[in-house]
Amino acid sequence: MSISSSAVLARLTLNTWTAEKLDREQTDKVLATNNADSGAGKFSKNLMAGTTLVKEILNHGTAIRHWHEKNTLAWEERGARLLPTSLFMQFKQEANMHKAKRIMLVGELCDKYVMLKGIARTSLGSMYREEDYPSVDEIREKYKFTLTFTPVPESGHFVLDIPAKELEETKQSCEVEIQRRLVDAVQGAWDKLYAMLSNMSKKLVEADEDTKRRWHDSFVDNPKELCRLLEHLNVTNDPKLEAARVELERAMLGTDLEGLKYSPVLRASLKSKVDSILASHEW
């Protein structure tokens, strides 16, 4: 099975307005007051000072990007990412929910924009400038959410008027590049697993009396969620990766947060299993 039939490319674009703007007048004043050089610093003002809605939108955008990276594998640098087709429907549904929430938050910002600008005027004082603020239509565009899907290219898909020899060389070159990206993508799945196991091993080290460890549900939930994801992200059906995934899945069977919190024996047992997985595979 070729990679083009088992995965697609997903490209996420989130336009962002941070509501921060360089204030050259205040920058010059600060530099002059401190007898500092022109390159010593800059002063940026928060155009939505006194309110938190823009921060909520930015935080939600960060969560969307983390979700996108979690469910896909790197393919292009700062570009499209590899999404297994077995995850496509769930991914699309979750994307729609993220988009709907973003639209809701941006809509609230636009509806309250005049009021929020009034709050900012009070907070910024003499630094307030009406011309700093984009229109409501511009605000919506600045928070645009775009998610596109395209097929993974194949080396044989050429319609070019070039000699047969050069065409074949081009195909081979593209095939090499596709295979390189695929290897890097699968290594990304290995990296996700290694990071999870390493963090678990560090967390499970017994703390001394002066150090108190905080345990959260995510310590148990995240490894289980990763095991589920790796069933899909192993797009080349790497048997070694699957074996490591199964080992972690088995290690987490019956593991619960309360037991880990209060039982050094259970923590030691889980750490032994995690360290065994780390030691038995080439990362």
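Check the entry above for the structure.
Predicted model only: the values in this text are computed from it and were never measured.

**Some details on the overall build of the protein**
The secondary structure content of the protein amounts to eleven helices and six strands. Residue burial in the protein is summarised as follows: out of 283 residues, 37% are buried. Sequence separation of at least 24 residues holds for 76% of the intrachain contacts in the protein that already meet a minimum separation of 6.

**Let's talk about the environment of threonine 62**
Positionally, threonine 62 belongs in helix H3 (residues 53–70). In the structure, threonine 62 is positioned 48 residues away from leucine 14 in sequence and 9.6 Å away in space, judged by C-alpha atoms.

**Details of unusual backbone geometry**
With the exception of glycine, the majority of residues adopt a negative phi angle, and the majority of peptide bonds are in the trans configuration. Even without being glycine, alanine 19 reaches a positive phi, approximately 65 degrees. Relative to the helices and strands, alanine 19 is located in the loop between strand E1 (7–14) and strand E2 (20–22). The backbone of asparagine 237 sits at a positive phi, close to 55 degrees, despite the residue not being glycine. Relative to the assigned elements, asparagine 237 resides in the loop between helix H8 (218–233) and helix H9 (239–252). Residue classification places asparagine 237 among the exposed positions, given a relative accessible area of 64%.

**Things to note about the packing of H8 against H9**
In contact at an axis separation of 10 Å, H8 and H9 are set at 145 degrees when each is read in the N-to-C sense. The handedness of the crossing between H8 and H9 is left-handed. Packed against H8, whose contacting residues are Phe219, Val220, Pro223, Lys224, Cys227, Leu230 and Glu231, the element H9 presents Arg245, Leu248, Glu249 and Met252 at the interface. Across the contact of H8 with H9, the residue classes tally to seven nonpolar, no polar and four charged.

**Considering H9**
With 14 residues, H9 ought to run about 20 Å at 1.5 Å a step, and its terminal C-alpha atoms sit 20 Å apart, in line with that. Taken residue by residue, H9 has Leu241, Ala244, Arg245, Val246, Leu248, Ala251 and Met252 as its buried positions. Its side-chain oxygen at 2.9 Å from the backbone nitrogen of lysine 240, aspartate 238 defines the N-terminal cap of H9. Phi for glycine 254, located one or two positions after H9, is positive at around 75 degrees.

**Here's the deal with the sheet that holds strand E5 (residues 81–84)**
Taken in spatial order, the four strands of this open sheet run E4-E5-E1-E6, and their pairing is antiparallel. Strand pairing shows two members of the sheet lacking a second neighbour, strand E4 (73–74) and strand E6 (145–151), which therefore form its edges. Here two bridges tie E4 to E5, and the two strands are oriented antiparallel to one another. Pairing of alanine 74 across the sheet is with arginine 81, part of E5.

**Some details on the pattern of salt bridges**
A side chain of one charge can pair with a side chain of the opposite charge when the charged atoms of the two come close. Evaluated as defined, the whole model comprises 15 salt bridges. Across the salt bridge formed by lysine 45 and aspartate 23, the nearest N and O atoms sit 3.3 Å from each other. In this pair, lysine 45 sits in strand E3 (residues 44–46) while aspartate 23 sits in the loop between E2 and helix H2 (24–33), placing the two residues 22 residues apart along the sequence. Among the salt bridges present, the one from arginine 245 reaches glutamate 242, with a minimum N-O distance of 2.9 Å. Pair noted here: arginine 245 and glutamate 242 are both in helix H9, with a separation of three residues, about one helical turn. Sharing partners across several salt bridges, the network here consists of Asp23, Lys45 and Asp132.

**What to know about the packing of aromatic side chains**
This model, assessed by the stated rule, comprises seven aromatic pairs. Here tryptophan 215 and phenylalanine 219 contribute two aromatic rings whose centre-to-centre distance is 5.1 Å and whose plane-to-plane angle is 90 degrees, an arrangement assigned as edge-to-face. Clustering of aromatic rings is evident, with ring pairs tying together Trp67, Phe88, Phe91 and Phe149. Here lysine 203 stacks its cationic end above the ring of tryptophan 215, 4.8 Å away from the centre of that ring.

**Observations regarding helix H5 (residues 113–124)**
One full turn of an α-helix is made of 3.6 residues, so residues set three or four places apart face in the same direction. Here H5 is twelve residues long and its end C-alpha atoms lie 16 Å apart, about the 16 Å a rise of 1.5 Å per residue gives. Within H5, burial applies to Tyr113, Leu116, Lys117, Ala120 and Leu124. Taken down its axis, H5 places every buried residue within 100 degrees of arc, on the same side. The outward face of H5, more than 90 degrees from its buried face, is lined by the exposed residues Val114, Met115 and Thr122. On its buried side, H5 packs onto E3, H3, helix H4 (88–111) and helix H6 (136–142). Phi for glycine 125, located one or two positions after H5, is positive at around 60 degrees.

**Quick look at the nonpolar core**
Within the largest apolar cluster, 51 residues are counted, with the highest numbers of intra-cluster contacts made by Trp75, Leu82, Leu193, Met200, Phe219, Leu248 and Leu270. Looking at this core, the element that brings in the most residues is helix H7 (residues 164–203), giving ten residues. If sequence neighbours within four positions are ignored, methionine 200 has contacts with Phe219, Pro223, Leu248, Met252, Leu270 and Val274. Counting residues in hydrophobic clusters, the runner-up holds 21 residues, among them Ala19, Val54, Cys110 and Tyr133.

What counts, and at which threshold
Residues numbered from 1 in each chain as written. Predicted model: local features only at pLDDT ≥ 70, side-chain atom pairs only at ≥ 80, totals over all residues. Heavy atoms only, no water. Helix = DSSP H or I, 4+ residues; strand = E, 2+ residues; numbered from the N terminus. Buried < 20%, exposed > 50% of the residue type's maximum accessible area, 1.4 Å probe, protein only. Contact = heavy atoms within 4.5 Å. Axes fitted to C-alpha atoms, helices over the stretch in contact; angles between N-to-C directions. Left-handed = near helix turned anticlockwise from the far one by under 90°. Nonpolar A, V, L, I, M, F, W, Y, C, P; charged D, E, K, R; others polar. Expected span 1.5 Å × (residues − 1). Polar contact = N/O pair within 3.5 Å; in protein donor to acceptor, adjacent residues only side chain to side chain. Pairing = 2+ DSSP bridges. Salt bridge = Lys/Arg side-chain N within 4 Å of Asp/Glu carboxyl O. Phe/Tyr/Trp six-rings, centres within 6.5 Å; stacked < 30°, edge-to-face > 60°. Lys NZ or Arg CZ within 6 Å of the ring centre and 35° of its normal. Arc of directions from axis to C-beta. Core = buried A, V, L, I, M, F, W, Y, C linked by side-chain atoms within 4.5 Å.

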